[in-house]
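Remarks on the overall topology
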Amino acid sequence: MRPARFTLSIKQIALALITGLLVAVSLVGAFAAWQTRSVTQSLARSNLDAAHSELSAATERLFRRAANQADTLAHWDETRQQLVLPEYYAYWRDQRVYEAGILNSRHARAALYDNQRRLLSNNTTNDTEPGSLAARFPRPGFPDTLPQAAQLLPGASWLANEGGTMVVYQAFPVYSDEHQHSLLGYGLLRFDFMGELLARESFHFVEMGSVALALKPGETLAQNALFSRLNFKARSDPNQARFQTILSRALITLFLLVAGAALLAFLVYNRLLIRPLHQLSRDIDTMQQGRSPSVNRPSAMHVVELESIRRSLHEYQAQLRELHGSLENQNREFRSQARQDALTGCYNRRAYEEDWERFRTDFRHMHEGAAFLLFDCDRFKAINDTYGHAKGDRVLTLIADALVMALRANDRLYRLGGDEFATFLARTSPAQAKQIAQRCQSLIEAGSFGDLGISEPVGISIGIAFCSAGQPENVGDLPKQADIAMYTAKQPGRARIAVYGEDTERASQTLVANRETSALFQALATPGMIEMHYQAIHALPDRKVDYYEALARIRYHGELIMPGAFLPVVSARRLETEFDLAVLAQVDADLSSGMIPEGIGVSINLSAQTISRAEVVSHLLELSRHTARHALMIEITETSLITQVAEVSTYLDLLRTVHFRIAMDDFGAGYSPLRYLADLPVEVVKLDISLISKLAQDNRAARVVADFVRMMADAGYSLVAEGVETEAVLQKVQQLGIAHVQGYLLGRPTPLDRLADAVADDIATQPARSA
């Protein structure tokens, strides 16, 4: 069933285009907005960097001022005096440092520590004397002991969170003189970090309300780690906000303008194109119903081309009506040809498959039995090989004519392929079916085959299978049963007509008991029972082994069954494909075992009927992985049975691309191989023993064979002489320049496990042979 195709109306297409346009505009707007956002983010980052630099410079100046103040205090004589005689220490601390201008901010305070790091006593004077600086600015609490962690070097400072206030401490040592010979004590400056920063600095990029130091109460922080805890924000740029507002409005305006233009375009498009096309569609629907559309409409189509199309449709309708009858006749004729066999004129396999399925369905409602008759021409291969394909085709035509004449009026004859025909009879009985089969044989025996120059008798074997009414589940087995009956009819001593059941029971029992048949079926089902023996193919003149021909045997109950015993069963049962696949599997296993010497090729026999089978070709392609170690050659046998020459040639060309060589086996044993030399991509020709044996004679036959060998060599074929059994024949073969030789004289087929010994023996005897 074909999948439904995706279709759209012209209105849907127009809407899709407009939607696409709006989406494109939206994407452009989104891209512009994204770019604007990127620029805004870049500007924001620049503002943040500027704020960071500004705040960094401000804090650096703050700490520098603190360091300068500490340095001034450290070198002030009054500071040294307080550490020696701290009687006026409170006065010095609360007033004198401010009066001297060393500390000039209400956020800064100072304290002194003795050389034991203890805070000087605060009880020397009244710290809260009216009018003192300490009364106006309460003294913050200094630590009673200078922290041991303080780096008491010039410029040492740290920050602390004291009750939510971020303060900066600046510690400094005080010496008795400028040469720093004697340490008198220490000084400590303390000031409000945020208060000092806001009082002393002005900011353009920093949003001061956002500046905060992330310290927990009681936690301290070194000066150099300030910015790891300092949080701040940059001031927003009002121009940026205005720019974003203007751009957003512009994009919205652009989108609305495009949407309005698209809507207007759709209305015009609908008026000038969509409506006329809908009218054309209605006119076509009217024509399909066999009625004529009206040409003179109240309003003509505004598009000239559409109006012309509408009028042309009306004119074409009359012509289509005239052609309709002719087309129906032609369709019937084409369908008949597609179901008809080109050679015999009877129905082909396609018609058989269609009619058989319909017959099986109809049989459920029949009240009488049905019979299936299978016809096969006797000795047709021999006739085809002996007299040629032209006369073989003529024989098939005469047989088909006789069978059609013998069948009932409503019965159909089908050619299933080659020389095999079939028919199925409805509303019949076994006796009636057998009577029709006898009439078929009588008409064929009375045929004028002698007029074709054929002296051999031409006949057919007929297999009959019957299914009684009321057994629709069994009707599907009729073709298989008729096939069994037909092969029973071919057995010697039969009347060439067999009915499945009454004639095949004894034959089937005999067939099952047959040793070769049992061995073959068991071998096809059991890997390893087919055993390959390898016969050497020697190169001349040095007699070096170039190839081994793989020859099949069946190992059955400890004994070897030779090809002459089981190959007739393969042919009779039509098991060529299954047998060749089993052979390929065993050759693949032998090649994978590594027991075949590297560098020596392997030649494989395949039936011509299986070369066109996809599964066989697939297995050969898989086998080509061995070509790096072993040259592989395919020997085609029974070429006279090839029915699809072009298809076989295509597959052989494919196999040549993966380094297979193609050989024609048993050349000279029949009629047809000479024809296939021109039709198939053959490189190697193996001359049959029937030709090679004539070379030992001294007569005209030997000269004809010799001339033929020279002609084949001149044509470019590589030749192999088969069946060389005497030294005299070998000398003749070598004199004719044949490239390779094979036969019992040089070596018999050898099992795989003894192949290595055979190779060693051959190498040892090679010098003697050459001599």
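Reading the values: rules and limits
- Residues numbered from 1 in each chain as written.
- Predicted model: local features only at pLDDT ≥ 70, side-chain atom pairs only at ≥ 80, totals over all residues.
- Heavy atoms only, no water.
- Helix = DSSP H or I, 4+ residues; strand = E, 2+ residues; numbered from the N terminus.
- Buried < 20%, exposed > 50% of the residue type's maximum accessible area, 1.4 Å probe, protein only.
- Contact = heavy atoms within 4.5 Å.
- Areas by Shrake-Rupley, 256 points an atom, 1.4 Å probe, with all protein chains shown as cover.
- Pairing = 2+ DSSP bridges.
- Axes fitted to C-alpha atoms, helices over the stretch in contact; angles between N-to-C directions.
- Salt bridge = Lys/Arg side-chain N within 4 Å of Asp/Glu carboxyl O.
- Expected span 1.5 Å × (residues − 1).
- Arc of directions from axis to C-beta.
- Polar contact = N/O pair within 3.5 Å; in protein donor to acceptor, adjacent residues only side chain to side chain.
- Parallel < 35°, antiparallel > 145°, perpendicular 65-115°, else oblique.
- Nonpolar A, V, L, I, M, F, W, Y, C, P; charged D, E, K, R; others polar.
- Phe/Tyr/Trp six-rings, centres within 6.5 Å; stacked < 30°, edge-to-face > 60°.
- Lys NZ or Arg CZ within 6 Å of the ring centre and 35° of its normal.
- Lys, Arg positive; Asp, Glu negative; His and termini not counted.
- pLDDT = per-residue confidence, 0-100.

We now examine the overall build of the protein chain. Check the secondary structure of the protein chain and you find 23 helices and 22 strands. Burial status across the protein chain gives 43% buried among its 771 residues. Considering only residue pairs separated by 6 or more positions, the protein chain has 68% of its internal contacts joining residues 24 or more positions apart. Approximately 41300 Å² of the protein chain is accessible, and the part contributed by carbon and sulfur atoms is 54%.

Attention shifts here to the pairing of strand β18 (residues 660–667). Most of β18 sits out of view: six of its eight residues are buried. Alignment of strand β17 (residues 632–637) against β18, held across five bridges, turns out to be parallel. Bridged to M633 within β18 is R661.

Moving on, we get to the pairing of strand β1 (residues 108–114). Counting buried positions over the seven residues of β1 gives seven, a clear majority of the element. Burial along β1 is two-sided: A108, A110, L112 and D114 facing one way and R109, A111 and Y113 facing the other are all buried. Judged from the seven bridges that link them, β1 and strand β4 (residues 183–192) form a sheet pairing that is antiparallel. If you follow D114 over to β4, its bridge partner there is G185.

Sheet architecture is open: five strands sit in the order β1-β4-β3-β2-β6, paired in antiparallel fashion. Here the strands that pair on one side only, and so sit at the sheet edges, are β1 and β6 (220–222). Ignoring which end each strand starts from, the neighbouring axes of this sheet average 25° apart. Sheet analysis places strand β2 (residues 157–162) next to β6, joined by three bridges and oriented antiparallel. Paired with W158 across the strands is A222, a residue of β6. Sitting on the sheet, helix α2 (residues 77–84) is in contact with β1, β3 (165–175) and β4, with an inclination near 115° to β4.

With that out of the way, let us pick up the pattern of salt bridges. All told, the structure shown has 34 salt bridges when counted by the stated rule. Residue R64 pairs with E60 through a salt bridge whose shortest N-O separation is 3.2 Å. You can see R64 and its partner E60 sitting in helix α1 (residues 10–74), four residues apart, about one turn around the helix. On the accessibility criterion, E60 (47% relative accessible area) is partly exposed. Salt-bridge contacts for E357 lead to R360; the nearest nitrogen and oxygen are separated by 3.7 Å. Of the two residues, E357 and R360 both sit in helix α8 (residues 349–362), three residues apart, roughly one turn of that helix. Judged by its relative accessible area of 45%, E357 is partly exposed. The class of R360 is partly exposed, set by a relative accessible area of 33%. It is possible to trace a salt-bridge network through shared partners that takes in R339, R350, E354, D355, R358 and R412.

Take helix α21 (residues 700–714) next. Between its terminal C-alpha atoms α21 stretches 21 Å, which fits the 21 Å expected from 15 residues at 1.5 Å a residue. Among the residues of α21, those classed as buried are A702, V705, A706, F708, V709 and M712. Along the axis of α21, the buried positions cluster into a sector of 160°, meaning they face one direction only. Opposite the buried face of α21, at more than 90 degrees from it, the exposed residues are R700, V704 and D714. You can read the cap of α21 off the contacts: a side-chain oxygen lies 3.3 Å from the backbone nitrogen of A701, and it is on N699. Looking at the residues trailing α21, positive phi occurs at G716, about 100°.

The next point concerns the packing of helix α17 (residues 614–623) against helix α18 (residues 645–657). The interhelical angle for the contact between α17 and α18, taken along N-to-C directions, is 10°, at an axis separation of 10 Å. Put simply, α17 runs roughly parallel to α18. Together, A614, V617, L620 and L621 of α17 and Y651, L654 and L655 of α18 make up the contact between the two elements. Across the contact of α17 with α18, the residue classes tally to seven nonpolar, no polar and no charged.

Moving on, we get to the packing of aromatic side chains. Applying the stated criterion across every chain, the model contains 17 aromatic pairs. Chaining the aromatic ring pairs together yields one cluster made of Y347, Y352, W356, F359, F363, F372, Y414 and F424. Above the face of the Y186 ring, R117 is positioned so that its terminal group lies 5.3 Å from the ring centre. Seen from the ring of Y744, R748 lies directly overhead, with NZ or CZ sitting 4.0 Å from the centre.

With respect to topology, five strands assemble into an open sheet ordered β9-β10-β8-β11-β12, the strand pairing being mixed. A strand with exactly one partner marks an edge of an open sheet, and here the two such strands are β9 (414–417) and β12 (497–499). For this sheet, the mean inter-axis angle between neighbouring strands, taken without regard to orientation, is 25°. As judged from the eight bridges shared by strand β8 (residues 369–377) and strand β11 (residues 460–467), these two strands associate in the antiparallel manner. Bridge pairing in β11 places D376 opposite S461.

Inspection of the secondary structure puts D665 in strand β18. There is no salt bridge for the buried D665, and the closest opposite charge comes from K686, which lies 4.5 Å off by N-O distance. Setting aside residues no more than four positions away along its own chain, D665 makes contact with N605, E635, I636, T637, K686 and E722.

Take the confidence of the model for the protein chain next. Averaged over all residues, the pLDDT of the protein chain is 82; the fraction at 70 or higher stands at 85%. Per-element averaging of pLDDT across the protein chain places helix α4 (residues 133–136) at the bottom with 44 and strand β21 (residues 740–741) at the top with 95. Predicted confidence for residues 123–129 stays below pLDDT 50, and this span has 17 contacts to residues more than four positions away or in other chains. Within the model, pLDDT remains below 50 along residues 508–513, and this stretch shows four contacts once partners closer than five positions in the same chain are excluded.

Here the residue pair L540 and P541 is connected by a cis peptide bond, since its omega of 10° sits within 30 degrees of zero. Relative to the assigned elements, P541 resides in the loop between β13 (530–539) and β14 (544–556).

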